[in-house]
Amino acid sequence: MQSWPEHVLNLVHSGALVTSFLGAALILISIGFIYFSGSELNNRAGDKNLSPAQRQARTSRMAKLENELAAARKSEKEKATRLTEMKAELAAAQKSEKEKTSRLSKTEADLAKVRGSEEAKTLHLTQLEADLAASQKSDKTKTERLSKIEAELASVRASEEAKTSRLARVETELAATKESHDEKITRLTQAESDFTKIRDSEEVKTLQLTQAEADLAAAQKSDKEKASRLAQVEADLANVRQSEEAKTLRVAQLEAELLLARRAGEESASHLAQAEAALADARRTADDAKTVAKQLEEKHHARNIAADQKQKFLGAVRDHPKGKVIVSSIFFNKETHDVGTEIVKLLKQAGFHVMEPAPLNFFTTSRPASGVRIGFKNESNEPPQAETIRNGFRAMGWDPPTTTLVNSDADDVVEIQVTPKE
């Protein structure tokens, strides 16, 4: 099929050809008329010399030429009429072509606007999906962190129990060491007392040795035995002192370890308190999240139109103006499309002219309390069926707001937009 500009060019070309043919025919007819007129004058001048038979033949020929000339003139008039008609058709075609070109330009501009709006809506939808993915990722990270904190808390508790057991064992060993130390101190005191007694006895024996030479041998023998015993006591005393120093050092070391253990226990107790506080905060956060999720679940549960609501709607719109209506629902939202489908059925039952058999797709960030809003293009010229629909929804317990952002360019169409509830 040829485009409109080519068709118009063909018409113009055909008109030019017809005009040229008609001009050529007029020129030929004029030349023939002049020729025959001259010949007629010449013939009339020579008629005086012609016989009756020649005059009759010439008269017949002249009549025939006149008939042909009349036929040529008639054909020329018809061609002129046809040319006028073709010029009128050409002007109408040019006017129609201009109108179609204007409509095509307007349609292309509207298509560009729709494409721009569709791209913006797609971009906004992509951003919302990215925000949702980031929120889900953050929630997953928090859940993993909570699990890690709980694991660390369990590990800290196990470590604290081990430290408590070790501390009890060390305290038991320290008590035993103190008891052994007390026993050794008692024995050392007893040994020193015995040594003092022996030393006093040795002085007495030395005085007795001076006074009694007879007893010298016995005294010397006793002195050797006592010296040996003294050396042994002194060795024992040195060993006791060395052992006492080692025990004192060990007690100091144990006291230092006990101090470190107590500090570690205090730090562990502090860390445990912090972990328990963090765990309590995490539990409170989890409880709050569960509460919010439950509230959101209750708020966004699937809606349906009860039978008594349908009867109230039908009763409220009966005997009131009805007209053209379309229903729209949010992109890829099953809940809003299910509600929109119920509204389509209800409108058809009420006698409205529903222009689409199913809800159309649209996008909006608006979240009215009822989850439904009514729209029409011209806010200064509200279609009468808009008030009818509004009264019907109010009878159902819904209070829909009004918008002029609709999917129809007609002033007499009302759009019911189904959105999620706020």
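From a predicted model like this one, the values you see are computed outputs, not experimental measurements. (Residues numbered from 1 in each chain as written. Predicted model: local features only at pLDDT ≥ 70, side-chain atom pairs only at ≥ 80, totals over all residues. Heavy atoms only, no water.)

Visitor: I keep staring at the packing of aromatic side chains and nothing clicks. Help me out?
Guide: Each aromatic ring pair is described using two quantities: the centre-to-centre distance and the angle formed by the ring planes. Considering all chains together, one arrives at 3 aromatic pairs under this definition. Relative to F393, the ring of F313 lies with its centre 5.6 Å away and its plane at 40°, an arrangement referred to as tilted. Of this pair, F313 sits in helix α4 (residues 307-317) while F393 sits in helix α6 (residues 384-396), placing them 80 residues apart in sequence. Of the two residues examined, F313 and F393, each falls in the buried class. Ring geometry for F393 against W398: centres 5.4 Å apart, planes inclined by 45°, an arrangement best described as tilted. When sorted by exposure, F393 lands in the same class as W398, which is buried. When the ring centre of F352 is taken as reference, the NZ or CZ atom of K322 above it lies at 6.0 Å. (Phe/Tyr/Trp six-rings, centres within 6.5 Å; stacked < 30°, edge-to-face > 60°. Helix = DSSP H or I, 4+ residues; strand = E, 2+ residues; numbered from the N terminus. Buried < 20%, exposed > 50% of the residue type's maximum accessible area, 1.4 Å probe, protein only. Lys NZ or Arg CZ within 6 Å of the ring centre and 35° of its normal.)

Visitor: What is the right way to read the nonpolar core from this model?
Guide: For soluble globular proteins, nonpolar side chains are generally found buried alongside one another. Counting 25 residues, the largest nonpolar core has F313, I343, L347, F352, I389, F393 and I416 as its most contacted members. Sorting the residues of this core by element identifies α4, β1 (324-330), α5 (334-350), β4 (372-375), α6 and β6 (413-418) as the ones contributing at least two each. Here this core gets 6 residues from one element, more than from any other, and that element is α5. (Core = buried A, V, L, I, M, F, W, Y, C linked by side-chain atoms within 4.5 Å.)

Visitor: Could you clarify how one ought to interpret the side chain of Q417 in this entry?
Guide: Mapped onto the elements of the fold, Q417 is located in strand β6. Residue classification places Q417 among the buried residues on the basis of a relative accessible area of 1%. Only 2.4 Å separates the side chain of Q417 from the side chain of R373, close enough to count as a polar contact. A distance of 2.7 Å separates a polar side-chain atom of Q417 from the backbone oxygen of L405. What Q417 contacts, discounting residues up to four positions off in sequence, is S328, F362, G371, V372, R373, T403, L405 and V406. (Polar contact = N/O pair within 3.5 Å; in protein donor to acceptor, adjacent residues only side chain to side chain. Contact = heavy atoms within 4.5 Å.)

Visitor: Looking at this structure, I do not really get the layout of surface pockets. What am I missing?
Guide: By volume, the largest pocket is sized at about 700 Å³. As for the largest pocket, its lining consists of 20 residues, of which V114, S117, K121, V406 and N407 are closest to the centre. Of all the elements in the fold, those that place two or more residues in the lining of the largest pocket are α2 (52-211) and β3 (360-362). No other element matches the 6 residues that α2 contributes to the lining of the largest pocket. Classifying every residue of the lining of the largest pocket by side-chain character gives 6 nonpolar, 7 polar and 7 charged. (1 Å grid on protein atoms, 1.4 Å probe; cavity = no way out; pocket = protein on both sides within 12 Å on 5 of 7 lines; lining within 4 Å. Points joined across faces, edges and corners; volume = space filled by probe spheres on them. Nonpolar A, V, L, I, M, F, W, Y, C, P; charged D, E, K, R; others polar.)

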